[in-house]
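Examination of the molecular architecture
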Amino acid sequence: MGDSNIEKLQEIVDRSRRLVFFGGAGVSTESGIPDFRSKDGLYNQKYKFPPEYMLSHSCFVDRTEDFYEFYRDKILAYEAKPNAAHLFLAELEKTGRLSAVVTQNIDGLHQAAGSKRVFELHGSVHRNYCTRCGKFFDLAAVKAQTGVPHCPCGGVIKPDVVLYGEGLDDDTVTGAIKAIAEADAMIIAGTSLTVYPAAGLIRYFRGRDLVVINLGDAGDVPGALFIHQKVGETLGQIKIK
Ligand code: APR
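Before going into details, it helps to say that this report is about the structure given with it. Because the structure is a prediction, the values reported are computed rather than measured.

So, the overall build of the protein chain
Across its full length, the protein chain holds nine helices and nine strands. In terms of C-alpha radius of gyration, the protein chain reaches 18 Å, essentially the compact-globule figure of 18 Å for 241 residues. In the protein chain, buried positions account for 51% of the 241 residues. Across the protein chain, the fraction of contacts at a sequence separation of at least 24, relative to all contacts at a separation of at least 6, is 64%.

Observations regarding the sheet that holds strand β6 (residues 157-161)
The sheet built from three strands is open, its strands ordered β5-β4-β6 with antiparallel pairing. At either margin of the open sheet sits one strand with a lone partner, and together these are β5 (136-137) and β6. Note that strand β4 (residues 123-130) and β5 share two bridges and pair antiparallel. Within the sheet, the bridge partner assigned to N128 lies in β5 and is F137. Sheet contacts for helix α4 (residues 64-75): β4 and β6; angle to β6, the most-contacted strand, approximately 50 degrees.

Digging into helix α5 (residues 84-94)
Among the residues making up α5, those that are buried are A85, H86, F88, L89, A90, L92 and E93. Buried residues along α5 sit against α1 (3-15), β1 (19-23), β2 (98-103), α6 (109-113) and α9 (231-235). Of the residues that open α5, the one with a side-chain oxygen 2.8 Å from the backbone nitrogen of A85 is N83. Just downstream of α5, G96 is the residue with a positive phi angle, here 85 degrees.

Points about the pattern of salt bridges
Considering all chains together, one arrives at 12 salt bridges under this definition. Notably, a salt bridge pairs K74 with D73, separated by 3.8 Å at the nearest N-O pair. We note a salt bridge from E91 to K94, for which the minimum N-O separation is 2.7 Å. Remark: K94 and E91 occur in helix α5; sequence separation between them is three residues, near one turn of the helix. Residue classification places K94 among the exposed positions, given a relative accessible area of 63%. Counted as one network, the salt bridges with shared partners bring together R15, R208 and D209.

Here we look at unusual backbone geometry
Note the cis peptide between Y196 and P197, where omega equals 5 degrees. The phi dihedral of L193 is positive, around 50 degrees, even though this residue is not glycine. Tracing the sequence through the fold places L193 in the loop between β7 (185-189) and β8 (209-213). L193 sits in the buried class, given a relative accessible area of 11%.

Looking at the packing of aromatic side chains
Counted under the stated rule, the structure contains nine aromatic pairs. Both rings, one in F36 and one in Y43, keep their centres 4.9 Å apart while their planes meet at 50 degrees; by these two values the pair is tilted. By relative accessible area, Y43 is classed as buried at 14%. Geometrically, the ring pair formed by Y47 and F70 is edge-to-face, given 4.8 Å between the ring centres and 75 degrees between the ring planes. With Y47 in the loop between β1 and α2 (51-54) and F70 in helix α4, the pair connects residues that are 23 residues apart, well separated along the chain. Judged by its relative accessible area of 22%, Y47 is partly exposed. Within the aromatic cluster, the residues linked to one another by ring pairs are F60, F67, Y68 and Y71.

Calculation rules
- Residues numbered from 1 in each chain as written.
- Predicted model: local features only at pLDDT ≥ 70, side-chain atom pairs only at ≥ 80, totals over all residues.
- Heavy atoms only, no water.
- Helix = DSSP H or I, 4+ residues; strand = E, 2+ residues; numbered from the N terminus.
- Rg over C-alpha atoms; globule rule 2.2 N^0.38 Å.
- Buried < 20%, exposed > 50% of the residue type's maximum accessible area, 1.4 Å probe, protein only.
- Contact = heavy atoms within 4.5 Å.
- Pairing = 2+ DSSP bridges.
- Axes fitted to C-alpha atoms, helices over the stretch in contact; angles between N-to-C directions.
- Polar contact = N/O pair within 3.5 Å; in protein donor to acceptor, adjacent residues only side chain to side chain.
- Salt bridge = Lys/Arg side-chain N within 4 Å of Asp/Glu carboxyl O.
- Phe/Tyr/Trp six-rings, centres within 6.5 Å; stacked < 30°, edge-to-face > 60°.

Put into structure tokens, the structure is as follows:
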């Protein structure tokens, strides 16, 4: 681990008062959940249809059984626990110096670690609704059924996850943009920054310190301190003073 990078990151965390964390699937890989585009990621495995179709609105509507087979096997199959990155952010939030976590992840691990202000741009597997009557179901209720889960009213239950072809929740996007625009520091981590509109939100950042902690390529983020290390290992070395 480059000590100078850790020292620079420590200084940034020490002087920030309104830090925002912007994360992706790479934040959960140290919890055992594969990401999408790394070599061993979800999108590089073989399926009946392309994974982007398997997680699309049209697949949910037209091939609901196939959707849920993929979703249960590849999205819900992990009994993951928060890792050092999630725990660090929850602790930093308690000091009042982290204003928000903005995540593309749907696994709920930030909240499981204790984070309160989390903008889930792509929704969450922990929220599920009947498509007929709107009744809420938690993750356990979906896991308690096999195949396509149904509501007692007979309606199909749908996860509150932004599928390809669906829009993001307006209030979530507005809240995330406000937090990013008001931040004095932003840490972007564990994301290839390839999926829009989520990846486009980072352009609202106007603050002083910008850090990218990413194993792979995250494209060009002008003015950022790049740390090509594991985000859990890295944040696990940062002290909260
Ligand atoms: N520490 C740091 N970086 C990591 C780690 C780690 N422990 N593990 C993986 N990475 C990096 C990978 O190198 C990769 O660049 O995280 C990035 C993950 O990128 P993607 O797999 O593309 O995930 P993400 O950017 O979150 O994808 C965005 O795509 O399919 C949609 O909705 C889905 O939210 C997802 C969106």
